[in-house]
Amino acid sequence: MEFQNKILEKVNEMLAVRGEAKCEEHECTAGRLFVNARQIIFFTFFDHAKGEGKFVTAHLKAVESALVAFGKNRAIIICRDVAPGMNETLNMDKQRFEVHSEPEKLLIGNLNKHILVPKHILLTPEEEKKLPYKREHLPKILSSDPIVQYNGWSSGVVKIEAKDGIVYRVIT
């Protein structure tokens, strides 16, 4: 539980970077459930040293019920692993489900301030239209990329200001 509380602290930092409110805990028998103004945050039960905490169908049902009960349309899921077959279900709706199956990575902190990470900026649709390239010709950055997940971006074009120049990537 102490490890999950550390993760929760970092999740709240991540939400603050996104301009969102902290979350409050609510009762749930399938895992730990937190809610803020925009979404729910669901933890499967796991301990730092143990391999438990796999996200399974029962957890998905609990998340779906919580989304309905709290009138939300988005969930951040924090687990140790995702059961076979669940990946396809969760990946089909990336706008709705943000999955972190390696919770230790959340302990890194604010990736936007990390010395080795170049500045990443999500372009507005107006800025996107001004690009000299068509979207389909741009290289890709995965929606599972840590910087994309940390900022909560699910689609769009990211401008990356690297030391050797500016590059653009499409989130897929």
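Everything that follows concerns the structure shown earlier in this document.
This report concerns the structure included in the present document. Along each chain, numbering runs from 1 in the same order as the chain's sequence is written. A pLDDT threshold of at least 70 governs which residues receive local features in this predicted model, and a stricter bar of 80 or more applies before side-chain atom pairs are shown or counted, although totals over entire chains, interfaces and linings include all residues. To get the side-chain values, all heavy atoms of the structure are used, and hydrogens and water are removed first.

## Thoughts on the packing of aromatic side chains
Thinking step 1. Aromatic rings from Phe, Tyr and Trp, taking only the six-membered ring of Trp, are treated as a pair when their centres fall within 6.5 Å; an angle between ring planes under 30 degrees marks them as stacked, one over 60 as edge-to-face, and anything in between as tilted. Under the defined criterion, the tally for this structure stands at three aromatic pairs.
Thinking step 2. Residues Phe34 and Phe43 carry aromatic rings whose centres are separated by 5.8 Å and whose planes lie at 75° to one another, so their mutual orientation is edge-to-face. The burial state of Phe34 is the same as that of Phe43; both residues are buried.
Thinking step 3. Consider the rings of Tyr133 and Tyr168, whose centres lie 6.4 Å apart with planes at 50°: the pair is tilted. One end of the pair, Tyr133, is in the loop between α4 (125-129) and β9 (140-141); the other, Tyr168, is in strand β11 (residues 165-171), with 35 residues separating them in the sequence. For the exposure calls, accessible area comes from a 1.4 Å probe over protein chains only, and a residue counts as buried if that area is under 20% of its type's maximum, exposed if over 50%, partly exposed in between. Strands are runs of DSSP state E lasting at least 2 residues, helices are runs of H or I lasting at least 4, and numbering of each runs from the N terminus.

## Things to note about the nonpolar core
Thinking step 1. Nonpolar cores are built from buried Ala, Val, Leu, Ile, Met, Phe, Trp, Tyr and Cys residues. Side-chain atoms within 4.5 Å join them into one set. Core analysis: the biggest nonpolar cluster contains 23 residues, and Ile7, Val11, Ile41, Phe43 and Ile78 have the highest contact counts within it.
Thinking step 2. Elements represented by at least two residues in this core include exactly α1 (2-17), β3 (40-43), β5 (75-78), α5 (146-151) and β10 (157-162).
Thinking step 3. Other than its neighbours up to four places away in sequence, Val11 contacts Ile41, Ile78 and Leu106.
Thinking step 4. Core analysis: the next-biggest nonpolar cluster, separate from the first, contains 19 residues, Val35, Ile40, Ile77 and Met86 among them. Contacts between residues were defined by any pair of non-hydrogen atoms, one from each residue, lying within 4.5 Å.

## Details of α1
Thinking step 1. Multiply 1.5 Å by the residue count of a helix minus one, and that product is the helix's expected span. Under the 1.5 Å per step criterion, the end-to-end length of α1 is 23 Å for 16 residues, consistent within 8% with the ideal 22 Å.
Thinking step 2. All buried positions along α1 are accounted for by Phe3, Gln4, Ile7, Leu8, Val11, Asn12, Met14 and Leu15.
Thinking step 3. Once α1 finishes, Gly19 follows within two positions and takes phi at roughly 80°, a positive value.

## So, the sheet that holds strand β8 (residues 119-122)
Thinking step 1. If you walk across this open sheet you meet the four strands as β8-β10-β11-β9, and the pairing is mixed. Edge positions in the open sheet fall to β8 and β9, since each of these has one partner strand only.
Thinking step 2. In this scheme, strands are said to pair when DSSP sees at least two bridges between them. Relative to β11, β10 runs antiparallel, the two being bridged by six bridges. When the sheet's bridge partners are listed, Ala162 is paired in β11 with Gly165.

## With respect to helix α2 (residues 57-70)
Thinking step 1. Taking 1.5 Å per residue, 14 residues should reach 20 Å; α2 reaches 20 Å between its end C-alpha atoms and fits that length.
Thinking step 2. Structurally, α2 contributes buried residues whose contacts are with β2 (32-35), β3, β4 (54-55), β5, α3 (86-91) and β7 (97-100).
Thinking step 3. One or two steps after α2, the chain reaches Gly71, where phi turns positive at roughly 65°.

## Examining the side chain of Ser143
Thinking step 1. Its place among the elements puts Ser143 in the loop between β9 and α5.
Thinking step 2. Contact partners of Ser143, with chain neighbours within four places excluded, come to Lys94, Val148, Gln149, Ile171 and Thr172.

## Remarks on the environment of Gly109
Thinking step 1. Of note, Gly109 is situated in the loop between β7 and β8.
Thinking step 2. Taking the C-alpha atoms as reference, Gly109 lies 9.2 Å from Tyr150; in sequence the two are 41 residues apart.
Thinking step 3. What Gly109 contacts, discounting residues up to four positions off in sequence, is Lys10, Glu13 and Tyr150.

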